[in-house]
Each structure stands twice: as structure tokens, then as C-alpha cells.
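# Survey of secondary and tertiary structure
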Amino acid sequence: MNIMDFNMKKLAADAGTFLSRAVQFTEEKLGQAEKTELDAHLENLLSKAECTKQWTEKIMKQTEVLLQPNPNARIEEFFYEKLDRKAPSRMNNPELLGQYMIDAGNEFGPGTAYGNALIKCGETQKQIGTADRELIQTSAINFLTPLRNFIEGDYKTITKERKLLQNKRLDLDAAKTRLKKAKVAEARAAQLNTSQPEENNIMIWAEEVTKSEQEVRITQSEFDRQAEITRLLLEGISSTHAHHLRCLNDFVEAQMTYYAQCYKYMLDLQKQLGSFPSTFLSNNNQSSSAPVQSVSTPSVLASASASLPSVSNSVVTSGISELKSSSGSRKARVLYDYDAANSSELSLLADEVITVYSIPGMDSDWLMGERGNQKGKVPITYLELLN
């Protein structure tokens, strides 16, 4: 019976709080009640978080479209992911085209020029299909997953705390409104102090004012505490940007490797097809005097393609690793502007040169930076180490 009474009282209190918030929210919309405004810094952080969420969703969805153009396949992969089951393995488009070409070449005869060319093209298409799978897998792990984790994890937490902040703000403003009304009623009762009943009214309203003032102090304290919690979460958006920048670099490197592989495969295929006699390359009854010309490929481009996979951030990564393992310092050029999220970080301007070094126990994504008498943490992804 006592538990039931407690639950009923709690239910009534929750209903009263909800009704009070609803009334306060409605009166604010109608311009009949004052609203406590958040400080400018917190408003900017909220705007930055919302902007980050919107663009992260757009980039993530369009990347999925880029990696898997088939919408039915994307839907199937989504359902298998939600069911925590592995999607059945199927050929992708290059692999399927390659298989068709190989089957057709075998049907026409591997000894014929056309059949042999089809088989070679099919094998190359299958190689491209394998490279495509590697690109999708690498991009999903290093780029899409961190973006999805932010949307489904960090931002959901921010949204929850932001909603709590809104409720605490409504509670505070509702308490202020009740205090204001109680003071007005107390003043009105004092003006009508002509008999004993009015003196009782003054005491009643004085007690109501005292009670309302206490409520304002409590709600103000709860609002300030929730505002601080929300602010600390929102300040982590800068670290999220730094992390996503590193993931973007990984995505670009994966694409670079993929396109370099595809170029190499097609260059080898072109050389193989170019070895056929020109009479086999002529189309239908066209004269052999107009053979199909091979695509000109400058040697510079070929040599550049061969070196593409090695053009990565391995040099930068090794330099940073050496810096972290040593106790020395290095000069570094700033690649992008960076606004410090708190007093422990150092704001940066693009193209300026600062001194950086590592200290024991520091996060792997950060270094200590110095500019004159100023120093603070700086994200590694914003720096280029100088020799």
C-alpha cells in the first residue's frame, strides 16, 4: 500500500512538472512569458554540433551511394546489419562483367582473337572487382564506421543532454514566473491591508514568495549544472572534427590506392591487347589501314602511377612516431585553421610554423605546440612536420 501511494505521488508530481513545462513553453511561444537565454558560447557550440550532425549524415549517405550504387543492395546490407548477420557473398558489377566476358571468350574460342581478348578483359575486370571490394571494406572500417558512431553514439548523447537542458530551463523560467506572480499578489494584498483577513493574506503571500524564491534557487542550480554538462559534451565536437579529418585522409588514401590499381590493371590490359595484329583489331569490314590506335600513355604518367600507392602519409606518420618516442621537438607547419576548444588547447592559423613535441601519457592524436609564450595541445592531423 505504501509503495502504491509513493508511485501515485510520484506520478502526480511528474504530471505536474510536465504540465508546468507545457504551460511555460506555450506562454513563451505566445510572448506572454520571459525566457532565459543561453550564453553565446553555448549557443555557438549547439549550432556547431547541429551543423556537424547534418553534414556528417549527408556525407555518410552519399559515400554509401558512391561505394554501392545499387539501392536494393544497400537496403539488403542494412537489414543484415540490423539483424547482426553476414550478408551473402555476391559478385559485384566488375566481377559479373568479367565472368560474362570470360564465358563468352570460352564460347567463341580462346584460340580466336576476339575470344582471347574477351578472356583477358574479363580477367582484368575481375581484378578491378577485387580492388573494388577492398576499397569498400577499407572505407567502411576507416571512414563510414567512425561517422556512423558519431551519429548513433556521441550525437545521441548530446541530444539527450540538450533535451534535459531544455527541461531544466523551462523549470527555471516557470519558477521565476511563479515568483513574479507571488510578489505581485503580495504587493496587492499589502495595498488592501484594511482588515484582519487581509493581514492573513499578506502572510500567506509572503510564505508563497519565500517558497518561490527557494524554488528559483534550486532550479537555477540544476540549470547551471546541466548547462555545464552540455557544454563539456559540445566542446568535444572539435576533437570529433580532428578525428574525422584523420578518417578522411584514410578514405582518400584508400581511393588513391584503388584508382592506382585500376590504372595499372588497365595499362597491362592495353599492352596485351596492343600485341594483337592490326587486322584483328579492325572492326567488321573496315580497312586494316585504319587500325584502332592505342591510347597514348606518357611515360611520366606511367611512372607516376607506379609510385601512387607509396604516396601516402607514411612519411608523416613515421616522423610523428619518432617525435613521440623521443624527448626532442620539431618545427611543424599548420595546414588548417583550428579554434581551441578549451584552455588546454592552442588555436592555430594556417601556414604558420610552430614548435611541437610530445609528453608522456598524451593521446596519440595530439602533440604539445608552442608559439612564443603560448603553448597547448594541437591535433596531429592539422600539422605537417618540417625537416
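Please read all numbers here as calculations on a predicted model, not as lab measurements. (Residues numbered from 1 in each chain as written. Predicted model: local features only at pLDDT ≥ 70, side-chain atom pairs only at ≥ 80, totals over all residues. Heavy atoms only, no water.)

## What to know about the overall build of the protein
Stated precisely, the cut-off is as follows: Every helix listed is a DSSP run of H or I at least four residues long, and every strand listed is a run of E at least two residues long, numbered separately from the N terminus. Any residue under 20% of the maximum accessible area for its type is buried, any over 50% is exposed, and the rest in between are partly exposed; the area is computed with a 1.4 Å probe on protein chains only. Contacts are residue-level and defined by heavy atoms, with any inter-residue pair within 4.5 Å sufficient. Per-residue and other accessible areas follow the Shrake-Rupley method at a 1.4 Å probe size, with only the shown protein chains counted as cover for residues.
Within the protein, the secondary structure is distributed over ten helices and five strands. Buried positions account for 31% of the 387 residues belonging to the protein. Partitioning the intrachain contacts of the protein with sequence separation of at least 6 by distance along the chain shows that 68% fall at a separation of at least 24. Of the accessible surface of the protein, which amounts to about 24700 Å², a share of 56% is contributed by carbon and sulfur atoms.

## Quick word on helix 4 (residues 93–108)
Quick reminder of the rule: Expected helix span is given by 1.5 Å per residue-to-residue step, counting one fewer step than there are residues. Arc definition: it is the arc formed by the directions from the helix axis to the C-beta atoms. Throughout this description, a polar contact denotes any pair of N or O atoms lying within 3.5 Å of each other; where both atoms belong to protein, one of them has to be capable of donating a hydrogen while the other can accept it, and for residues adjacent in sequence the pair is counted only when both atoms sit in side chains.
Here helix 4 spans 22 Å end to end across 16 residues, near enough to the 22 Å set by a 1.5 Å rise per residue. All buried positions along helix 4 are accounted for by P94, E95, G98, Q99, I102 and G105. One face of helix 4 carries all of its buried residues, which in axial projection span an arc of 135°. Facing away from the buried surface of helix 4 by more than 90 degrees, the exposed residues are N93, Y100 and E107. The secondary structure elements touched by the buried residues of helix 4 are helix 5 (113–191). Capping the start of helix 4, N92 holds a side-chain oxygen 2.9 Å from the backbone nitrogen of E95, two or three residues further along. Directly after helix 4, the chain includes G109, whose backbone phi takes a positive value near 115°.

## Thoughts on the packing of aromatic side chains
Two numbers describe a pair of aromatic rings. These are the distance of the centres and the angle of the planes. For clarity, the threshold we go by: Stacked, edge-to-face and tilted labels apply to pairs of Phe, Tyr and Trp rings (six-membered ring for Trp) whose centres lie within 6.5 Å, assigned for plane angles under 30 degrees, over 60, and everything in between, in that order.
For the coordinates displayed, the defined rule picks out seven aromatic pairs. For the ring pair F108 and Y114, a centre distance of 5.5 Å and an interplane angle of 20° mean the geometry is stacked. Look at F108 and you get partly exposed, because its relative accessible area is 46%. The class of Y114 is exposed, set by a relative accessible area of 53%. Here the aromatic rings of Y258 and Y259 are separated by 5.1 Å at their centres, their planes lie at 65°, and the arrangement is edge-to-face.

## So, the sheet that holds strand 3 (residues 366–371)
Just so we agree on the cut-off: Paired strands are those between which DSSP finds at least two bridges. Note on geometry: axes are lines fitted to C-alpha atoms, helical ones only across the stretch in contact, with angles between N-to-C directions running from 0 to 180 degrees.
Strand order in the open sheet made by the five strands is 4-3-2-1-5, with antiparallel pairing throughout. Of all strands in the sheet, those with a lone pairing partner are strand 4 (374–379) and strand 5 (383–385), marking the two edges. Adjacent strand axes in the sheet meet at a mean angle of 40° when their direction is disregarded.

## Topic: helix 5
What counts here: Here the bend at a residue means the angle between the axes of two seven-residue stretches, the one that ends at it and the one that starts at it.
Between its first and last C-alpha, helix 5 extends 110 Å over 79 residues, near the 117 Å set by a 1.5 Å rise per residue. Bending of helix 5 peaks at approximately 45° at the position of A140.

## Structural notes on unusual backbone geometry
Phi at D351 takes a positive value of approximately 80°, unusual for a residue other than glycine. Position of D351 among the secondary structure elements: in the loop between strand 1 (329–334) and strand 2 (353–357). Classification of D351 as exposed rests on a relative accessible area of 54%.

## Quick notes on the pairing of strand 4
The side chains of a regular strand alternate between both faces of the sheet. As paired elements, strand 3 and strand 4 share six bridges and run antiparallel to each other. Within the sheet, the bridge partner assigned to G369 lies in strand 4 and is G376. Count of turn residues in the strand 3/strand 4 antiparallel hairpin: two residues, of which G372 carries a positive phi of about 65°.

## Quick look at the nonpolar core
In plain terms, the rule: For our purposes a nonpolar core is just a set of buried Ala, Val, Leu, Ile, Met, Phe, Trp, Tyr and Cys residues, chained together by side-chain atoms within 4.5 Å.
The biggest cluster of nonpolar side chains holds 20 residues, and the ones touching the most others in it are L348, I354, V356, L367, V378, Y382 and L383. Looking at this core, the elements that each hand over two or more residues are helix 7 (237–274), strand 1, strand 2, strand 3 and strand 5. A49, L172, L234 and I237 belong to the second largest nonpolar core, which has 19 residues in total.

## A closer look at the confidence of the model for the protein
Detailed reading of predicted coordinates is not advised where the pLDDT is low. This is how the line gets drawn: Per-residue confidence from the predictor is reported as pLDDT, a score between 0 and 100.
Per-chain confidence: the protein averages 80 in pLDDT, with 72% of residues scoring 70 or above. In this model residues 277–315 is a low-confidence stretch, pLDDT under 50, and it forms 24 contacts with partners more than four residues away in sequence or in other chains.

## As for the pattern of salt bridges
When the charged atoms of two side chains with opposite charge come close together, those side chains can pair. Note the following rule: What counts as a salt bridge is simple: a side-chain nitrogen of Lys or Arg found within 4 Å of a carboxyl oxygen of Asp or Glu.
By the definition in use, this model includes 14 salt bridges. With a shortest N-O distance of 2.3 Å, E228 and R231 are connected by a salt bridge. Here R231 and E228 lie together in helix 6 (residues 196–234), a separation of three residues that amounts to about one turn. Two residues, R231 and E235, come together in a salt bridge whose shortest N-O distance is 2.5 Å. By relative accessible area, which is 11% here, E235 ends up buried. Via salt bridges that share partners, E228, R231 and E235 belong to a single interconnected network.

## Brief notes about the packing of helix 5 against helix 7
Note the threshold: Should an angle fall under 35 degrees it is called roughly parallel, over 145 degrees roughly antiparallel, and 65 to 115 degrees roughly perpendicular, with every other angle called oblique. In this count, Pro and Cys sit with the nonpolar residues alongside Ala, Val, Leu, Ile, Met, Phe, Trp and Tyr, while Asp, Glu, Lys and Arg are called charged and the others, Gly among them, polar.
Viewed as axis vectors pointing N to C, helix 5 and helix 7 meet at an angle of 175°, and their least axial separation amounts to 9 Å. Classified by the interaxial angle, the pair formed by helix 5 and helix 7 is roughly antiparallel. Counted by class, the contact of helix 5 with helix 7 contains 21 nonpolar, eleven polar and five charged residues.

## Focus on the pairing of strand 3
Where strand 2 and strand 3 come together, three bridges link them in antiparallel fashion. By the bridge assignment for strand 3, V356 is matched with G369.

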